[in-house]
Amino acid sequence: MQNLKEKVIAITGASSGIGKSIATKLAAEGAKVVLAARREERLKEVVENIIESDGEASYVIADVKNKADLDKLVEKAVAEYRRLDVIVNNAGISQLSQIDELDVEGWEQMINVNLKGILYGMAAAIPVFKKQESGHIVNIISTAGLKIIPTMGVYAGTKNAVRTISEAFRQESDGTIRITGISPGFVNTDFAENIKNDQMRTAILKSRDEIAISPDAIADAVIYAISQPKEVEIGDIVIRPAVQN
């Protein structure tokens, strides 16, 4: 854990769920966290709790659909600490339905947040990492796409796109910028509550309540990946409930 001390880490989707757990646990290990999300009230509460626990945290209001907001996140980290060591692209959204139901609005939401949002985060951080000749990208993906399930086609498609992009970047990198993909299964968060399809939302929430693991488990995986020495890269981690199919 000594490798985490004083690291500067930017995290998207940090106002709740997995992002909140990542921020809280990293700060407890001595990292300086710069958080981003759309909901200022909840984001401010996360930062205040970290500071009250003797951690160091700040935040920016950001919507990952807007590239300028991700630039602003990275700029804040560099302005405050003169560097950025890690960016955790965590923000995501799910709208589940059969493809022939033609939820085009839902498709666009997922593409804009799950795919373009991660690309915008990478685009904001990579120039800083290149200048420093060091950096680490952590993309929170999903077990969706590892197993194809009806109603998750477009959602899984966005996640598999991120998987492909992450592996391509790994092969293109000379090793000075590392990249890790973490694919959670069912996690006990409010993620599914934004699903518009009532039937799908009910089914996902039922599974969550029956088998979901704590978001702290995902945070622990992030800590493991980014605490490795610079010559070690953790490529992919799949983490899910032991009983999840």
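So, here is what we can say about the structure in this document.

Rules behind the numbers
Residue indices begin from 1 for each chain and proceed along its sequence in written order. Where local features are concerned, this predicted model is filtered to residues with pLDDT of at least 70; where side-chain atom pairs are given and counted, the filter is 80 or more; whole-chain, interface and lining totals use all residues. Side-chain measures here rest on the full set of heavy atoms in the structure, leaving out hydrogens and waters. Only strands joined by at least two bridges in the DSSP assignment are considered to pair. Each helix corresponds to a stretch of at least 4 residues labelled H or I by DSSP, and each strand to a stretch of at least 2 residues labelled E; elements are numbered beginning at the N terminus. Interaxial angle, 0 to 180 degrees, is taken between N-to-C directions of lines fitted to C-alpha atoms, where a helix line uses only the stretch in contact. Any two residues whose heavy atoms approach within 4.5 Å are treated as being in contact. Helices are assigned an expected span. That span is 1.5 Å times one less than the residue count. The cut-offs for exposure are 20% and 50% of the maximum accessible area for each residue type, with area from a 1.4 Å probe on protein chains only; residues under the lower value are buried, those over the upper are exposed, and the others partly exposed. The arc under discussion is defined with respect to the helix axis, by the directions toward the C-beta atoms. Here a salt bridge means any side-chain nitrogen of Lys or Arg lying within 4 Å of a carboxyl oxygen belonging to Asp or Glu. Orienting the strands away from the viewer, one traces the path from the first strand over the helix to the second; a clockwise path indicates a right-handed crossover. We define the nonpolar core as a collection of buried residues of types Ala, Val, Leu, Ile, Met, Phe, Trp, Tyr and Cys that are connected through side-chain atoms lying within 4.5 Å of one another. Small angles under 35 degrees read as roughly parallel and large ones over 145 as roughly antiparallel, with 65 to 115 read as roughly perpendicular and the rest as oblique. Crossings are sorted by hand: turned counterclockwise from the far helix by less than a right angle, the near helix makes the crossing left-handed, and turned clockwise it makes it right-handed. Throughout, the ten residues Ala, Val, Leu, Ile, Met, Phe, Trp, Tyr, Cys and Pro are labelled nonpolar, Asp, Glu, Lys and Arg are labelled charged, and all others, Gly among them, are labelled polar. Here a patch means residues that are over 30% exposed by relative accessible area and free of salt bridges, tied together within 9 Å if like-charged and within 5 Å if nonpolar (Val, Leu, Ile, Met, Phe, Trp, Tyr). Every accessible area reported is derived by Shrake-Rupley at a probe size of 1.4 Å, with residue values counting cover from the shown protein chains alone. Charge assignment: positive for Lys and Arg, negative for Asp and Glu; neither His nor the chain ends contribute. For the purpose of locating charges, the reference atoms are NZ of Lys, CZ of Arg, CG of Asp and CD of Glu.

### Considering the sheet that holds strand 7 (residues 236-239)
The parallel open sheet is built from seven strands, whose spatial order is 3-2-1-4-5-6-7. Looking along the sheet, the strands with just one partner apiece sit at the ends: strand 3 (56-61) and strand 7. For this sheet, the mean inter-axis angle between neighbouring strands, taken without regard to orientation, is 15 degrees. Relative to strand 3, strand 2 (residues 32-37) is paired through six bridges, and the arrangement is parallel. Bridged to Val 34 within strand 3 is Ser 58. Contacting strand 4 (86-89), strand 5 (135-140) and strand 6 (177-184), helix 4 (residues 104-132) runs over the sheet at an angle of about 170 degrees to strand 5.

### Description of helix 1 (residues 17-28)
The end-to-end C-alpha distance of helix 1 is 17 Å, a good match for the 16 Å that twelve residues give at a rise of 1.5 Å each. For helix 1, the full list of buried residues reads Ile 18, Gly 19, Ser 21, Ile 22, Ala 23, Leu 26 and Ala 27. One or two residues past the end of helix 1 sits Gly 30, with phi positive at roughly 100 degrees.

### What to know about the environment of Leu 73
With respect to the element layout, Leu 73 can be found in helix 3 (residues 67-81). With 14 residues separating them along the chain, Leu 73 and Ile 87 place their C-alpha atoms 9.8 Å apart. In contact with Leu 73, other than residues within four places in its own chain, are Ala 10, Thr 12, Val 34, Leu 35, Ala 36 and Val 60.

### Looking at helix 5 (residues 153-172)
An α-helical segment advances 3.6 residues per turn. Residues three or four places apart therefore align on the same side. Here helix 5 is 20 residues long and its end C-alpha atoms lie 28 Å apart, about the 28 Å a rise of 1.5 Å per residue gives. Taken together, the buried positions of helix 5 are occupied by Tyr 155, Ala 156, Thr 158, Lys 159, Val 162, Arg 163, Ser 166 and Phe 169. Burial along helix 5 is one-sided: seen end-on, the buried residues are contained in an arc of 160 degrees. Of the exposed residues in helix 5, the ones pointing more than 90 degrees away from its buried face are Thr 164, Gln 171 and Glu 172. The elements touched by buried residues of helix 5 are helix 4, strand 5 and strand 6.

### Focus on the pattern of salt bridges
Per the counting criterion, the structure on display carries nine salt bridges. Among the charged side chains, a salt-bridge network with shared partners connects Glu 6, Lys 32 and Glu 56.

### With respect to the pairing of strand 5
Burial analysis of strand 5 places six of its six residues in the buried class, which makes it a mostly covered element. Pairing of strand 4 with strand 5, which is carried by four bridges, proceeds in the parallel orientation. Each residue of the ladder has a partner; that of Ile 87, found in strand 5, is Ile 137. In terms of handedness, the path from strand 4 via helix 4 over to strand 5 forms a crossover that is right-handed. With six bridges connecting them, strand 5 and strand 6 associate as parallel partners.

### Some words on the nonpolar core
Core analysis: the biggest nonpolar cluster contains 42 residues, and Leu 84 and Ile 137 have the highest contact counts within it. Residue assignment for this core shows that the elements contributing at least two residues are strand 1 (8-11), strand 2, helix 3, helix 4, helix 5, strand 6 and helix 6 (198-211). If one sorts the elements of this core by residue count, helix 4 sits on top with ten residues. Sequence-distant contacts of Ile 137, defined by excluding residues within four places in its chain, comprise Ile 87, Asn 89, Met 122, Ile 126, Phe 129, Phe 169, Ile 177, Arg 178, Ile 179 and Thr 180. Membership of the second largest hydrophobic core comes to 35 residues, among which are Leu 4, Ile 18, Val 46 and Val 86.

### Side note on the packing of helix 4 against helix 5
At a minimum axis separation of 8 Å, helix 4 and helix 5 run at an interaxial angle of 20 degrees. On the basis of the axis angle, helix 4 is roughly parallel to helix 5. Between helix 4 and helix 5 the crossing geometry is right-handed. Here Trp 107, Met 110, Ile 111, Asn 114, Leu 115, Ile 118, Leu 119, Met 122 and Ile 126 of helix 4 come into contact with helix 5, specifically with Val 154, Tyr 155, Thr 158, Lys 159, Ala 161, Val 162, Ile 165 and Phe 169. Broken down by class, the residue content of the contact of helix 4 with helix 5 amounts to 14 nonpolar, two polar and one charged.

### Here we look at a negative patch on the surface
Side chains of Glu 41, Glu 45, Glu 48 and Glu 52 sit close together on the surface and give a patch of like negative charge. Mapped onto the fold, Glu 52 is located in helix 2 (residues 40-52). On the basis of relative accessibility, which here comes to 63%, the residue Glu 52 falls in the exposed class.

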